[in-house]
Amino acid sequence: MVEENLQRTLAVTKKGFPAMWVQTQRFAGPNVRYGECGAVCSPNGKLTRIIRSLYNYTKVKSLVRISSKCVYIEATYNIDGSIVAIYKVDNLDFKNKKVNLTRVATYKDGKWDNTSYLKNYKEGIHSSLMRAKKIYSLSDLD
């Protein structure tokens, strides 16, 4: 299920720039398996640079810079297909260390509900979806 509004933790880099942790992860349970990936794109459609990464076999966490004009793209892939959600950054709350995001477009069941964001953020959509598929395809830990 794709949420309408998200709230993430705001991190601040050593140089004082706002940043956010995004994850690429894999979940494998008894009856379900999926891959999930997040990405942050700048207003011109390019992926933002990764400042720091933490690796695990089933998870990669990356710290990326963010601004109030960025978008957050979240892709999920499983045997039933893929879901991609694009979220616009509403505001950066430095006092409470929160990033408030609002969903502006969703890809589900083979179609987009809002196509106005596709052309500009094509690189981020493709990147997050391919990474979600890749981590989904890892062999089981059993």
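Preceding this paragraph is the structure being described.
Since this is a predicted model, take the numbers as computed values, not measurements. (Residues numbered from 1 in each chain as written. Predicted model: local features only at pLDDT ≥ 70, side-chain atom pairs only at ≥ 80, totals over all residues. Heavy atoms only, no water.)

Novice: It is not clear to me how the overall build of the protein chain should be interpreted in this structure. Could you clarify?
Specialist: A tally of regular secondary structure across the protein chain gives one helix and nine strands. The order of helices and strands in the protein chain, counted from the N terminus, is β-β-β-β-β-β-β-β-β-α. In terms of C-alpha radius of gyration, the protein chain reaches 15 Å, essentially the compact-globule figure of 14 Å for 142 residues. Over its C-alpha atoms, taken along the principal directions, the protein chain stretches across nearly 45 × 35 × 25 Å. Carbon and sulfur atoms provide 49% of the accessible area of the protein chain, an area that totals close to 8800 Å². Counting 24 positive and 12 negative side-chain charges, the protein chain places the averaged centre of each group 11 Å from the other. (Helix = DSSP H or I, 4+ residues; strand = E, 2+ residues; numbered from the N terminus. Rg over C-alpha atoms; globule rule 2.2 N^0.38 Å. Areas by Shrake-Rupley, 256 points an atom, 1.4 Å probe, with all protein chains shown as cover. Lys, Arg positive; Asp, Glu negative; His and termini not counted. Charge placed at Lys NZ, Arg CZ, Asp CG, Glu CD.)

Novice: Looking at this model, I keep getting lost on the environment of Ala19. Mind explaining?
Specialist: Inspection of the secondary structure puts Ala19 in strand 2 (residues 18-28). Note: C-alpha distance between Ala19 and Val99 (80 residues apart in sequence) is 9.3 Å. When neighbours within four sequence positions are excluded, Ala19 is seen to be in contact with Thr9, Leu10, Ala11, Thr13, Ile51, Leu63, Val64, Arg65 and Ile66. (Contact = heavy atoms within 4.5 Å.)

Novice: Sorry if this is basic, but what is going on with the pattern of salt bridges here?
Specialist: If the charged atoms of two oppositely charged side chains come close together, the side chains can form a pair. Here the structure, examined in full by the defined rule, presents four salt bridges. Glu123 is paired through a salt bridge with Lys46; the nearest N and O atoms lie 3.7 Å apart. Of the two residues, Glu123 sits in helix 1 (residues 122-136) while Lys46 sits in the loop between strand 3 (33-41) and strand 4 (50-55), which places them 77 residues apart along the sequence. Exposure remark for Lys46: the relative accessible area of 47% places this residue in the partly exposed category. One connected set of salt bridges, linked through shared partners, spans Glu4, Arg103 and Asp113. (Salt bridge = Lys/Arg side-chain N within 4 Å of Asp/Glu carboxyl O. Buried < 20%, exposed > 50% of the residue type's maximum accessible area, 1.4 Å probe, protein only.)

Novice: Just checking my understanding: could you explain the layout of surface pockets for this structure?
Specialist: If you roll a probe as big as a water molecule over the atoms, it shows you where there is empty space left. Computed from the structure, the second largest pocket encloses a volume of approximately 250 Å³. Surrounding the second largest pocket, Thr13, Lys14, Lys15, Phe17, Arg49, Ile51, Leu63 and Arg65 form its lining. In terms of residue class, the lining of the second largest pocket is built from three nonpolar, one polar and four charged. (1 Å grid on protein atoms, 1.4 Å probe; cavity = no way out; pocket = protein on both sides within 12 Å on 5 of 7 lines; lining within 4 Å. Points joined across faces, edges and corners; volume = space filled by probe spheres on them. Nonpolar A, V, L, I, M, F, W, Y, C, P; charged D, E, K, R; others polar.)

Novice: I would appreciate a short explanation of the side chain of Ser82 in the present structure.
Specialist: Summarising the element assignment, Ser82 is placed in strand 7 (residues 81-93). For Ser82, a relative accessible area of 17% gives the class buried. Beyond its immediate chain neighbours, meaning those up to four positions away, Ser82 contacts Thr76, Tyr77, Tyr107, Lys108 and Leu129.

Novice: Sorry if this is basic, but what is going on with the pairing of strand 6 (residues 71-78) here?
Specialist: Side-chain direction in a regular strand flips from residue to residue, so the side chains alternate between the two faces of the sheet. Pairing of strand 3 with strand 6, which is carried by eight bridges, proceeds in the antiparallel orientation. Among the inter-strand pairings, Cys37 is bridged to a residue of strand 6, identified as Ala75. Two elements, strand 6 and strand 7, share eight bridges in a ladder whose sense is antiparallel. Bridge pairing in strand 7 places Tyr77 opposite Ser82. In textbook terms, the turn of a hairpin is the stretch between consecutive antiparallel strands, and for strand 6 and strand 7 this stretch comprises two residues. (Pairing = 2+ DSSP bridges.)

Novice: Would you explain the nonpolar core in this entry?
Specialist: General note: in soluble globular proteins, nonpolar side chains tend to be found buried as a group. Ranked by internal contacts, the top residues of the largest apolar core, which has 16 residues, are Val40, Ile66, Tyr72 and Val99. Those elements that provide at least two residues to this core are strand 1 (5-12), strand 2, strand 7 and strand 8 (98-108). Membership of the second largest hydrophobic core comes to 13 residues, among which are Cys41, Ile73, Ala75 and Leu129. (Core = buried A, V, L, I, M, F, W, Y, C linked by side-chain atoms within 4.5 Å.)

In short, shape yes, function no, at least from these values alone.
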